[in-house]
Structures are given as structure tokens and as C-alpha cells.
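Architecture and fold: a report
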Amino acid sequence: MAAEGEKTYDAADTTSAEKGGRVTYTAYDDVQSFDDVKVDVHTKLVDGVQRKMKQRHMQMIALAGTLGTGLFLGSGKAIVHSGPAGALIAYCLVGSVVWGMIQSLAEMMCYAPISGGYVHFAERWLHPSAGFALGWMQWYSGVVSLPTEIVSASIIIGFWDIDPAINDIPRSHLIAYITALSVLCSLINYFGVRWFGEAEFVFAIIKIMLILGLIIAGLVVDLGGGPNHDRIGFRYWKNPGAFAAYPVPGSVGQFTGWFTTLLQAAFSFSGVESLAMAAAEVENPRPSIKKAARLLFYRILFFYVVGILIVGMLVPYNDDMLLNSTGDGAAASPFVIAFNRAGIKVLPSIINAGVLSSAFSAADSGLYTSSRMLYGLALRGQAPRIFSKTLKNGLPIVALSFSTLFIALSYMSLSSGAQTVLNWLSNLTSIATFICWGTICVTFLRFKAGCEAHGIVRKESKYFYNRFQPFPAYWAIFWCFVVVLFNGYQVFIKGMWNTSDFFIAYINIPIVIVLFVGHWLFTGRQAFPKGSELDMYSNVPGPEVDVDVHPPSSKVGKFFKWLL
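Residues numbered from 1 in each chain as written. Predicted model: local features only at pLDDT ≥ 70, side-chain atom pairs only at ≥ 80, totals over all residues. Heavy atoms only, no water.

The name given to the chain in an unreviewed UniProt entry is Amino acid permease/ SLC12A domain-containing protein, and the organism recorded there is Lipomyces kononenkoae.

Here's what the structure looks like:
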């Protein structure tokens, strides 16, 4: 909470004065000390966050922000379910969907780098009820994932702390790890967006060095440069084959295995859209967003596509160690399996350290994103106004504190029954990513219609414009719809019905519908606005925010600015 003597002000209004020990607020019409663009035209709430995130922070978050366990560990499952070629195609396809979504999101972000990100865009340009439903679904997904990431990081630490007597992490040690990681994650966010950016910058460097090292080492091992000098090449693409069948045999199983891997690939990419949540807190926002969006293409191409290609060359999809993997720690990584087989024994600890940084980074960024999402909802009147309070340094203190409370769910992992509940709650977010991506692209289509209706020429933007739009948006919408509709296909295969799996696969659909319809009914049953009725101007920052306040003076600094 606020330190002693430090005032908070409510984004609800613009100025405050203390009366009788309580903070009261003046009316918006009386305000002279704040920029009008910071005052929401509907709620009269002031957007109190400040631009303290550096440009290099956003670039590194874009390049490696969500690079983590989905690729380091989850790529093994992708190979098992669909084979090396199936996994490669799946990652390429999902990468193209992410690219289409980012092209849509980046253009809206460059037009309006404001708090609330894509949730605000959906509320403004699609429908207020769509923003409400998307915002609360994403906030729930974020805070429920927090304890899962903290527990995962704690278990990964256990790689170095196994008690031989029980062949597991001592319970007291696990409690200590959960507590330490929870406190550290919270403190990084309470210190403010600049410290969050610095932490993510460091984590991103660690992850980039790790994946680059794994790709290079994997290529060396594949070409016979390991201690055993076994040249693998594309051996495993021939035997056992390029495609695996899952969960049924034959060509049908090869197709369903590939489709299953789409979900695994999406998990690896999930979170890239969270860049939008930082748009209101980054310096020189539009140039920063432009660079970040363009970096994502190279991240998809090199880290994910090349990474999954190397994995498919190193390990066969029927490898016993992959099939029997529990998914926890470095032992589950296909890279570790391949390097151990090649006679390289030191890498498991190095990979485990990288995976630990990835898991903790996921929790750290998840808390940041969830708090800003809740703050953005309050700013637009779609959450209780108390969540719009910020400290004078721009920290959304109440939204952050409330979101932080959910980290305490990490201790549910200490009880088998509670752990089952936690896993079940986390699984409910399984297709939220695809619903979010699809909604972002639909919102972009309405944004495009609004620009056309208001005479705004998009291609004249000096920051971001894709001449192929709206086709990237249509492409992303199509695949998001397909995956959301068919992600639970396994329960419909004869003899494979499971009520719990069906519920988990499809519960997000009625949740979103209930949130949308409920908000629509209670807010006057507003119709979907026409393009000419869309608000394209209010609260949109002008060019005055696009200033590089800390331009580099040295040649080294200028080089890194060009690079990042």
C-alpha cells in the first residue's frame, strides 16, 4: 500500500484535497492541472499512470517476453503428438496467426497508446459489452495463472534440492520457495513499471542467450559434433517418421495429432498480446510499439520455427523419455534428452536455470498485465472505481494489490485436493488465448471501418500500416474460430468421452457469452455502433508523447538503439 505520508489520487477525478482525514475529489470541470487527454470522456476518471518504461524494455519484452517453458519444455509434447513435421507446420501456422493478430493490434496501439490496451479498444471500437467480457475473462485468466507459475518455478528450483530419503523436495523447502518467489514477484511490481521493465529486460536476455545456445548446440549435435560424434541429420524424420498419430492411429490420427499441437503451440506464443498493456507506460510510445511489433516477426521465425525444427531433428517422437516425461524441470526438455544421449552432461542445470527464469518471468509479467487490465477496466467504468486509484508515481496501487492477493493460491499446491482444484481453475483458461486473439482482430476490422467513416487515411500513418490488411486479420479470425470450436474434439471420439475434459474445453464460450449478455442487459441494450458512430478521437494522445526523452549520445548507445 502507500507509504506513510504518500498520497493517492483517484483516477476517478483529477484533483484531491484532504478534508477531515478523508480524500475528496473536485469535479472534472474544475480541473486545470491535468491534460484533458488524460481524463476519460465517459467516466471523468484521470489516467494516472506515467510513462516510465524505457524503449529498450519494450523491445526486449517483445523479443523474448513470453519465450519460456512452452518452447523449452512443451516442445517435447508437440513432437510426441504430431511428429517433427507436424509440429513444425503447427508452429508455423500459429506463428502466422500471431503475426496477423499483432499486425492488427500494433496499428491500433500506434493510433491510441492508452491504458487498457486491447480491452479498451474492444470496448471503444467493437462494443462496450465486448470490452467488458474480454477484460474480465483475461483478468481472471491472468490471476489464476499466477499461482501456477509460482508453483512451477518452485518445483524447478527443486531440481537442485531433492531429498534422497523421499526422492522429492522437502515440504518445508517448497513452502519457503513459494513464499520467496511470491514476495519477489510482488516487490518487483510494487517498485513500479521501471523496475518491472528492468527485471523483464534481464530475464529476456537470459532467455535469448539460452535459446540461441540451445539452437547452436542442437545443430552441432545433430551434425555429429557431440562427444559421441553421431551424425543425426534428418534420421528421425525417416524413422519413426515425419508425422505422429495421436490419439488414434492412421492418417486421421496424424491430422488430429497435428491439430492437438496447435493448442500446444498457442501456449508457447500466449502473452504476446500483453504488449498492449504497456502502451500507456512506455516512453516515446508509437516508435517503441512500431519496433516491438516488427521484432515479433523475427522472434516467431527464428526462436519458435527454428527452435521446433532443431527439436524435431534431435529426438524421435516415440522416444521413451519423451513419452514418460512428467513435464517438470529440465528433465522434460527434449534438448536435455538429446544432449545427455550425445554425452553432454552439464547442460541440464544450465537449462533448468533458464527455465526457472522463464517461469518466474511469466508470473512477474502476469501480475503486471492483470493489474493494468483491472485498472483499465475501472478507468472505463467497467470495474469498481476504487481500482482506478494510483499513487502519485503512477502505480495503480489498488488494482495491483487486489491482483497480488491471488498469488496466495500457490499454497494450494501443498494439499493434493487443493492442487486438483487449482489445476482445474487453471485449465479453465485453456482457450482464452484464442478468444482474445480473435476478438482483437474483429476489433481491428471495426477500427478500420471507423477510420474509413471518419475520413482517417490509415496508410498515411508514419508509424504502422500493413498494406495487406484486412487479410491478416481475417486469417487470424478464421483459425481462432476453428480452434475454439474444435479444441475439445477428443471427447467426441468413440470411447473417449470425458465430462471434465468437455467442460474444460468449452466452458470459456458460455462464460464470455454470459459476461457479454449480462453487461448488455444491464447497460441499456446498446446496439453495435456503426463506423460513423465510433469514437476515434477522445483521450488519444497527440504527438507530444512521442519524444525520445533519453536519446543516446555515444556510438554504442546509438547502435543498441538501432538494434533494439
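Having seen the structure, we can now continue with the description.
This part is about the overall build of the chain. A tally of helices and strands in the chain yields 20 helices and four strands. Out of the 564 residues belonging to the chain, those deemed buried represent 56%. A fraction of 80% describes how many contacts in the chain between residues 6 or more apart in sequence connect residues 24 or more apart. Of the roughly 24,000 Å² of accessible surface on the chain, 65% is carried by carbon and sulfur atoms. (Helix = DSSP H or I, 4+ residues; strand = E, 2+ residues; numbered from the N terminus. Buried < 20%, exposed > 50% of the residue type's maximum accessible area, 1.4 Å probe, protein only. Contact = heavy atoms within 4.5 Å. Areas by Shrake-Rupley, 256 points an atom, 1.4 Å probe, with all protein chains shown as cover.)

The next point concerns helix H7 (residues 193–222). Over its 30 residues, H7 runs 42 Å from end to end, which matches the ideal 44 Å to within 8%, given 1.5 Å per residue. Gly-224, located one to two residues past H7, shows a positive phi value of around 95°. (Expected span 1.5 Å × (residues − 1).)

Inspection of the secondary structure puts Ala-276 in the loop between helix H9 (250–269) and helix H10 (285–314). C-alpha of Ala-276 to C-alpha of Leu-105: the two residues are 171 residues apart in sequence and 7.7 Å apart in space. Not counting residues within four places of it along the chain, the set of residues in contact with Ala-276 comprises Leu-105, Met-109, Ile-114, Gly-117 and Tyr-118.

Leu-105, Tyr-118, Phe-121, Trp-125, Ile-351 and Trp-437 are the most contacted members of the largest nonpolar core, which has 156 residues in total. Of the residues forming this core, the biggest block, 19 residues, is contributed by helix H3 (residues 75–111). (Core = buried A, V, L, I, M, F, W, Y, C linked by side-chain atoms within 4.5 Å.)

What follows covers the pattern of salt bridges. On inspection of all chains with the given rule, the structure shows 10 salt bridges. Among the salt bridges present, the one from Glu-123 reaches Arg-380, with a minimum N-O distance of 2.8 Å. One end of the pair, Glu-123, is in helix H4 (residues 117–126); the other, Arg-380, is in the loop between helix H13 (347–379) and strand E4 (389–391), with 257 residues separating them in the sequence. Judged on exposure class, the residue Glu-123 and its partner Arg-380 are both buried. Glu-281 is paired through a salt bridge with Arg-372; the nearest N and O atoms lie 2.8 Å apart. Here Glu-281 is found in the loop between H9 and H10, whereas its partner Arg-372 is found in helix H13, with 91 residues between them in sequence. Through salt bridges with shared partners, one network takes in Asp-40, Glu-123 and Arg-380. (Salt bridge = Lys/Arg side-chain N within 4 Å of Asp/Glu carboxyl O.)

Taken as a whole, this structure holds 31 aromatic pairs when the rule is applied. Judged by centre distance (5.7 Å) and plane angle (80°), the ring pair of Phe-402 and Phe-406 falls under edge-to-face. Note on Phe-478 and Trp-479: the rings are 5.3 Å apart at their centroids and 80° apart in plane angle, and the pair reads as edge-to-face. Look at Phe-478 and you get partly exposed, because its relative accessible area is 46%. (Phe/Tyr/Trp six-rings, centres within 6.5 Å; stacked < 30°, edge-to-face > 60°.)

Between Asn-239 and Pro-240 the backbone carries a cis peptide bond, its omega angle lying at 20°. Structurally, Pro-240 is set in the loop between helix H8 (235–238) and H9. Between Tyr-246 and the following residue, Pro-247, the backbone shows a cis peptide bond with an omega angle of -5°. By the element assignment, Pro-247 lies in the loop between H8 and H9. A positive phi angle is found at Lys-44, which is not glycine, with a value near 60°. Among the structural elements, Lys-44 can be located in the loop between strand E3 (22–25) and helix H1 (55–64). One non-glycine residue, Asn-539, lies in positive phi territory at about 65°. Within the secondary structure layout, Asn-539 lies in the loop between helix H19 (508–522) and helix H20 (555–563).

As a further point, take a nonpolar patch on the surface. The grouping of Val-183, Leu-187, Phe-191 and Trp-195 at the surface amounts to a nonpolar patch, some 440 Å² of accessible area in total. For Leu-187, the position within the fold is in helix H6 (residues 171–190). Judged by relative accessible area, Leu-187 falls into the partly exposed class, the value being 39%. (Patch = residues over 30% accessible without salt bridge, like charges linked within 9 Å, V, L, I, M, F, W, Y side chains within 5 Å.)

Once that is clear, we can look at the confidence of the model for the chain. Averaged over all residues, the pLDDT of the chain equals 84, while 87% of them reach at least 70. Between the elements of the chain, mean pLDDT differs from a low of 29, seen in E3, to a high of 96, seen in helix H14 (residues 397–404). Throughout residues 1–34 the model reports pLDDT below 50, and contacts reaching past four residues in sequence, or to other chains, amount to 69 contacts. (pLDDT = per-residue confidence, 0-100.)

What follows is about the state of the cysteines. In this structure the tally under the stated criterion is zero disulfides. Among the cysteines around Cys-441, which has no disulfide bond, Cys-480 carries the closest sulfur, lying 6.2 Å off. For Cys-441, a relative accessible area of 0% corresponds to the buried category. (Disulfide = S-S within 2.5 Å.)

With that settled, consider the side chain of Gln-55. Considering the arrangement of structural elements, one finds Gln-55 in helix H1. We classify Gln-55 as buried; its relative accessible area is 15%. When residues no more than four places from it in sequence are discounted, the contact partners of Gln-55 are Val-282, Glu-283, Asn-284, Ser-288 and Asp-548.

A few words now on the side chain of Thr-439. Among the secondary structure elements, Thr-439 is positioned in helix H16 (residues 432–453). Look at Thr-439 and you get buried, because its relative accessible area is 18%. The residues touching Thr-439, leaving out its near neighbours within four places in the chain, are Ala-122, Leu-126 and Leu-134.

Next up on the list: the packing of H6 against H13. The description of two packed helices rests on the angle between their axes and on the distance between the axes. H13 packs onto H6 with a crossing angle of 45° between their chain directions and a minimal axis gap of 9 Å. For the element pair H6 / H13, the angle class is oblique. The two elements H6 and H13 cross, and the hand of that crossing is right-handed. Along its contact with H6, which presents Leu-181, Leu-184, Cys-185, Ser-186, Ile-188 and Asn-189, the element H13 presents Phe-360, Ala-363, Asp-364, Leu-367 and Tyr-368. For the contact of H6 with H13, the residue count by class is eight nonpolar, two polar and one charged. (Axes fitted to C-alpha atoms, helices over the stretch in contact; angles between N-to-C directions. Parallel < 35°, antiparallel > 145°, perpendicular 65-115°, else oblique. Left-handed = near helix turned anticlockwise from the far one by under 90°. Nonpolar A, V, L, I, M, F, W, Y, C, P; charged D, E, K, R; others polar.)

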